[in-house]
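Okay, here's what each chain looks like letter by letter:
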Amino acid sequence: MVFIDEKIVDDKAADEVVVDEVVVDDKAADEVVVDEVVEEEKVDVDMNFLLQNRVHYGRKTKTRFSESFIYKVHPRGFFLIDLTITIEKLKSAAKFMANYKPEKILICSAREYAVNGINKMCDLTGMSPKAGRFLPGTLTNHILKGYQQADLILVVDHNYDSQAVQEAVKMKIPVISFVDTNSFPSLVDFTIPANSKGRVSLAALFWSLTVLYLREKNILASVSYTHLTLPTNREV
């Protein structure tokens, strides 16, 4: 016996109510599940995706350089990045990187939140990872055990990863870097305005750049959607 609208009904009536409200036939249930799964996998490098992953969140300070890609101030006091510029720069960076041999592109950062993104991007593209501390001489000292040759480097934060940037400049290696609203990247050749400090944001940036790069190399179709797994917002 069950209670519905404060009235007792018999088991048969209760079963009918449950059938009407909950149970669907197997074919319909399968269709519902398939639709949900397909929808979850339809992820692309666009404004909505970057917004959801807080790529537009800047800092509470700005520079003259960053004024060109700041579009407003968040009510909590930090600056917001214009994602139309971010998307344009991501696409340009991918096109630029596609001109180099992947094994000669070094992706490096000492930021903890960047490690997984760097390793995953390098697994998928064939680029060379250098996550963690960047030892002095990595690009300049040929006798160093960890010495690496590179024709292009990508760093997460040109300030935080200054050792890598300085050595690249010394060796005349072009530098690509994500730049936040507090950036003044005088030694960087190519900048990508973005939130370079958040776990979710960095995951989204590395995923976006990977997809765009693979499209430039004709490994991914330009109209394809790609499945991805990002950290939850609670992990930011």
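None of these values were measured; they are calculated from a predicted model.

Calculation criteria
Residues numbered from 1 in each chain as written. Predicted model: local features only at pLDDT ≥ 70, side-chain atom pairs only at ≥ 80, totals over all residues. Heavy atoms only, no water. Helix = DSSP H or I, 4+ residues; strand = E, 2+ residues; numbered from the N terminus. Buried < 20%, exposed > 50% of the residue type's maximum accessible area, 1.4 Å probe, protein only. Pairing = 2+ DSSP bridges. Axes fitted to C-alpha atoms, helices over the stretch in contact; angles between N-to-C directions. Contact = heavy atoms within 4.5 Å. Phe/Tyr/Trp six-rings, centres within 6.5 Å; stacked < 30°, edge-to-face > 60°. Lys NZ or Arg CZ within 6 Å of the ring centre and 35° of its normal.

Peer 1: How would you summarise unusual backbone geometry if you had to cite specific residues and measurements?
Peer 2: Glycine aside, residues mostly have negative phi, and peptide bonds are mostly found in the trans state. For Arg54, which is not glycine, the phi dihedral falls at a positive 60°. With respect to the element layout, Arg54 can be found in the loop between α3 (47-52) and β3 (70-73). In this structure Arg54 comes out as partly exposed when scored by relative accessible area, which is 26%. Residue Asn218 is not a glycine yet carries a positive backbone phi of 60°. Counting through the fold element by element, Asn218 comes out in the segment after α7 (199-216). In this structure Asn218 comes out as exposed when scored by relative accessible area, which is 69%.

Peer 1: Before we move on, can you summarise the sheet that holds strand β8 (residues 175-179) with the specific residues and values?
Peer 2: Spatially, the five strands line up as an open sheet ordered β6-β5-β7-β8-β9, and their pairing is parallel. Only two strands of the sheet have a single partner each, and these edge strands are β6 (128-131) and β9 (190-193). Taking the axes of each pair of neighbouring strands and ignoring which way they run, one obtains an average angle of 20° across the sheet. Here strand β5 (residues 105-109) runs beside β6; their pairing, made up of four bridges, is parallel. Within β6, the residue paired with Ile107 across the bridge is Pro129. Across the sheet, helix α4 (residues 83-97) touches β5, β7 (152-155), β8 and β9, and the angle it forms with β9 is around 145°.

Peer 1: Lay out the packing of aromatic side chains with the relevant residues and their values.
Peer 2: Per the counting criterion, the structure on display carries six aromatic pairs. Plain terms: the ring middles of Tyr57 and Phe78 are 4.9 Å apart, the flat faces sit at 50° to each other, and that makes the pair tilted. With Tyr57 in the loop between α3 and β3 and Phe78 in the loop between β3 and β4 (79-81), this pair connects stretches of sequence that are 21 residues apart. A connected cluster of aromatic rings, assembled from ring pairs, spans Phe96, Tyr100 and Phe190. The side chain of Lys89 reaches across the aromatic face of Phe190, ending 5.1 Å from its centre. Its end group placed over the ring of Tyr160, Arg111 keeps NZ or CZ at 4.4 Å from the ring centre.

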